[in-house]
Amino acid sequence: MKLAVVGGGSTYTPELIDGFARLRDELPLTEIALVDPDVHRLELVAGMARRMLARAGHPARVVATTSVEEGVAGAQAVLLQLRIGGQAARNVDETLPLECGCVGQETTGAGGLAKALRTVPVVLDIAEKVRRHAPDAWIVDFTNPVGIVTRALLEAGHRAIGLCNVAIGFQRRFAAKLGVAPERISLGHVGLNHLTWERAVHLDGVDVLPRLLESHGEEIAQDIGLTAGLIRRLGVVPSYYLRYFYEHDLVVEEQRSKPSRAAEVAAMEATLLEMYADPSVDTKPELLEKRGGAFYSEAAVALIASLLGDRGDTQVVNLRNDGTLPFLADDAVIEVPAMITATGAAALPVDPVEPLFAGLVAHVTAYETLALEAALHGGEQRVSDALLAHPLIGQASLSDDLARRLIDANRQHLPWATT
């Protein structure tokens, strides 16, 4: 079984390799193709991957290539983990909006739109190559903003599912607080990518969320950067990303007082690449845990194993709405529990979503629709319209100003903006 990782030169990749090695019975890989345009990083990461697999006694061979066509040819699954423009572009995403009094974040708000503008055309080009060279392969997108990128892939007719590590992270943390095995926990997870709430936490089928909030409310609040009082008032556990909405001004103040996350990650990446260059290093460095993406490898392995093995289990993924949330259009992409089989993902029924949450979901979905239009067709007006529709921006003069700033800062990655 062959799997391709596009963006395989990421310092993140050893996290994936670690998961492949530990969960080899679930996903019996024979070849892992790492695809990346950065030859230097690719060689370092591929060498690290080979040593990790050898240490684990895993038989898969690692192929490193700059050619998407070569990397994906014959693959049964293709993982996308791209960052167009690298940490330098991310730094702009996180700092430029702050100049206008808006949250600076790479997947939410103006920064998230900038990332979508850079990313969607590249992902669609890669997906067309997958269609030609591995027509039966599943595309698993971990590239942010996952909801918008997955929608672009689905609207273009690709066999694609979006994946995020927020749900599996909550599952593991709740299991640890309850002192039980993670597989005994299932979530009432609902919303959009990076805009979700846990409305239930089932332990062996029984909802224990009230018990969790009573016994561990302060810890959970600290984990997600919100107050225990707010969480108890809501009666749900919001994802960390809701902090950008519920505490917008406080977050802006905090972000202005410290280095960007991109600057922190860039420093970590430099250290990680030095470690990967050491031929004696053959285990995942502890530093990688601070890089982000906890449990991503487990989520990816589980999803691919279910798609290729027709397991029919339940996992939280990004997929077409198709009536699951009746207040959204069918072509919206939502993040909910779904049954995973060889035919893809089928959303499980979702209880009616309360107005306090449904209103924000509908608002952000409208923004995502306009963001995709801007990413596909370009134009300053489309960019401004998407910003105007975003609940974290939503002012005409601010949207126009941010649109011009984002386009100027990303011009080298936007072909339509260079003509």
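One structure accompanies this document, and this report is about it.

Rules of the game
- Here the residue index of a chain counts from 1 through its sequence in written order.
- pLDDT decides what is reported in this predicted model: residues at 70 or higher carry local features, side-chain atom pairs at 80 or more are listed and counted, and totals for whole chains, interfaces and linings draw on all residues regardless.
- Each side-chain value is derived from all of the structure's non-hydrogen atoms; neither hydrogens nor water enter the calculation.
- Helix and strand labels come from DSSP, where a helix needs a run of H or I of at least four residues and a strand needs a run of E of at least two; each type is numbered from the N terminus.
- It is over C-alpha atoms that the radius of gyration is taken, and the globule rule equals 2.2 Å times the number of residues to the power 0.38.
- For every residue, the accessible area (1.4 Å probe, protein chains only) is compared with the maximum for its type, and the residue is labelled buried under 20%, exposed over 50%, or partly exposed between those bounds.
- Every residue pair with non-hydrogen atoms within 4.5 Å of one another is taken to be in contact.
- Computed with the Shrake-Rupley method and a 1.4 Å probe, the accessible areas treat only the protein chains shown as cover for residues.
- Here, nonpolar core refers to any group of buried Ala, Val, Leu, Ile, Met, Phe, Trp, Tyr and Cys residues whose side-chain atoms link them within 4.5 Å.
- Pairing between strands is defined by DSSP: at least two bridges between the two strands are required.
- Whenever two N or O atoms come within 3.5 Å, that pair is a polar contact, provided that in protein one can donate a hydrogen and the other can accept it, and provided that, for residues adjacent in sequence, both atoms are side-chain atoms.
- Each reported salt bridge corresponds to a side-chain nitrogen of Lys or Arg within 4 Å of a carboxyl oxygen of Asp or Glu.
- Aromatic pairing here means that ring centres of Phe, Tyr or Trp (its six-membered ring) are within 6.5 Å. Orientation follows from the plane angle: under 30 degrees is stacked, over 60 is edge-to-face, and everything else is tilted.
- In our convention, an over-ring charge means Lys NZ or Arg CZ found within 6 Å of a ring centre and within 35 degrees of that ring's normal.
- Helix axes are fitted to C-alpha atoms over the stretch in contact, other axes to C-alpha atoms as well, and angles between N-to-C directions run from 0 to 180 degrees.
- The hand of a helix crossing depends on one turn: near helix anticlockwise from the far one by less than a right angle means left-handed, and clockwise means right-handed.
- Residues were grouped as follows: Ala, Val, Leu, Ile, Met, Phe, Trp, Tyr, Cys and Pro as nonpolar; Asp, Glu, Lys and Arg as charged; and all remaining residues, including Gly, as polar.

## Brief notes about the overall build of the protein
Then, number 1: Within the protein, the secondary structure is distributed over 16 helices and 13 strands.
Then, number 2: Since a compact globule built from 419 residues should have a radius of gyration of about 22 Å, the 21 Å found for the protein is in line with a globular shape.
Then, number 3: The dimensions of the protein, computed from C-alpha atoms along their principal axes, are 60 × 55 × 40 Å.
Then, number 4: Looking at the 419 residues of the protein, the share that counts as buried comes to 58%.
Then, number 5: Long-range pairs, those at least 24 residues apart, make up 67% of the contacts in the protein between residues at least 6 apart in sequence.
Then, number 6: Summed over all atoms, the accessible surface of the protein reaches about 16600 Å², with 51% contributed by carbon and sulfur.

## Structural notes on the nonpolar core
Among soluble globular proteins, nonpolar side chains are generally buried collectively.
Then, number 1: Membership of the largest hydrophobic core comes to 148 residues, with the highest contact counts inside it found for Phe20 and Leu79.
Then, number 2: When residues of this core are assigned to their parent elements, the largest contribution, eleven residues, is made by helix α5 (residues 109-133).

## Focus: the pairing of strand β8 (residues 195-203)
Then, number 1: Most of β8 is tucked away: eight of the nine residues are buried.
Then, number 2: Bridge count between strand β7 (residues 185-192) and β8: seven bridges; the pairing is antiparallel. For serine 186, the partnering residue across the bridge sits in β8 and is histidine 202.
Then, number 3: Where β7 hands over to β8, the hairpin turn is made up of two residues, of which histidine 194 adopts a positive phi near 60 degrees.
Then, number 4: The pairing of β8 with strand β10 (residues 237-238) spans two bridges and is classified as antiparallel. Along β10, the bridge assignment pairs tryptophan 197 with proline 238.
Then, number 5: Alignment of β8 against strand β9 (residues 206-207), held across two bridges, turns out to be antiparallel. Paired with leucine 203 across the two strands is valine 206, which belongs to β9.

## Observations regarding the side chain of glutamine 105
Then, number 1: Within the fold, glutamine 105 resides in the loop between α4 (86-95) and α5.
Then, number 2: Of the residues examined, glutamine 105 reaches a relative accessible area of 9% and is grouped as buried.
Then, number 3: Within the local environment of glutamine 105, its side chain forms a polar contact with the backbone nitrogen of threonine 107, the two atoms lying 2.7 Å apart.
Then, number 4: Within the structure, the side chain of glutamine 105 is placed 3.1 Å from the backbone nitrogen of threonine 108, a separation counted as a polar contact.
Then, number 5: Look past the residues within four positions of glutamine 105 in its chain and what remains in contact with it is Asp93, Glu94, Gly111, Gly112, Tyr241 and Tyr244.

## As for the side chain of histidine 189
Then, number 1: Looking at the secondary structure, you find histidine 189 in strand β7.
Then, number 2: In terms of polar contacts, histidine 189 uses its side chain to reach the side chain of glutamate 335, at 2.8 Å.
Then, number 3: When sequence neighbours within four positions are dropped, the list of residues in contact with histidine 189 reads Val166, Ala167, Thr196, Trp197, Glu198, Val316, Glu335, Val336 and Pro337.

## Some details on unusual backbone geometry
Then, number 1: Of note, the amide linkage connecting asparagine 144 to proline 145 takes the cis form, showing an omega dihedral of -5 degrees.
Then, number 2: A positive phi angle, close to 60 degrees, is found at histidine 194, a residue other than glycine.
Then, number 3: Classification of histidine 194 as buried rests on a relative accessible area of 7%.
Then, number 4: Look at aspartate 310: it is not a glycine, yet its phi comes out positive at around 55 degrees.
Then, number 5: Inspection of the secondary structure assignment puts aspartate 310 in the loop between α13 (296-309) and β11 (313-320).
Then, number 6: Residue aspartate 310 is classed as partly exposed on the basis of its relative accessible area of 47%.

## A few points about the pattern of salt bridges
Then, number 1: Per the counting criterion, the structure on display carries 30 salt bridges.
Then, number 2: Close ionic contact of arginine 261 with glutamate 264 constitutes a salt bridge, the shortest N to O distance being 3.4 Å. Pair noted here: arginine 261 and glutamate 264 are both in helix α12 (residues 261-277), with a separation of three residues, about one helical turn.
Then, number 3: For arginine 261, a relative accessible area of 28% corresponds to the partly exposed category.
Then, number 4: Accessibility expressed as a relative area gives 36% for glutamate 264, which makes it partly exposed.
Then, number 5: Each member of the salt-bridge network shares a partner with another, and the members are Glu15, Asp18, Arg22, Lys284 and Glu298.

## Thoughts on the packing of aromatic side chains
Then, number 1: Taken as a whole, this structure holds eight aromatic pairs when the rule is applied.
Then, number 2: Here the aromatic rings of tryptophan 197 and phenylalanine 357 are separated by 4.9 Å at their centres, their planes lie at 35 degrees, and the arrangement is tilted. Highlighted residues: tryptophan 197 in strand β8 and phenylalanine 357 in helix α14 (residues 355-377), separated in sequence by 160 residues.
Then, number 3: Judged by its relative accessible area of 3%, phenylalanine 357 falls in the buried class.
Then, number 4: Note on tyrosine 240 and tyrosine 244: the rings are 5.9 Å apart at their centroids and 90 degrees apart in plane angle, and the pair reads as edge-to-face.
Then, number 5: For tyrosine 244, a relative accessible area of 7% puts it in the buried group.
Then, number 6: Here the aromatic cluster, defined as three or more aromatic residues joined through ring pairs, consists of Tyr12, Phe142 and Tyr296.
Then, number 7: For the cation-ring pair, arginine 159 lies above tryptophan 138, with the distance from its terminal atom to the ring centre recorded as 4.2 Å.
Then, number 8: The ring of phenylalanine 170 carries arginine 173 above its face, with NZ or CZ at 5.1 Å from the centroid.

## What to know about the packing of α5 against helix α15 (residues 380-389)
Then, number 1: It is at 10 Å that the axes of α5 and α15 come closest, and there the two elements cross at 145 degrees. In this structure, the crossing between α5 and α15 has a hand that is right-handed. Across the interface between the two elements, Ala110, Leu113 and Leu117 from α5 touch Val383, Ala386 and Leu387 from α15.
Then, number 2: Here the residues of the contact of α5 with α15 sort into six nonpolar, no polar and no charged.

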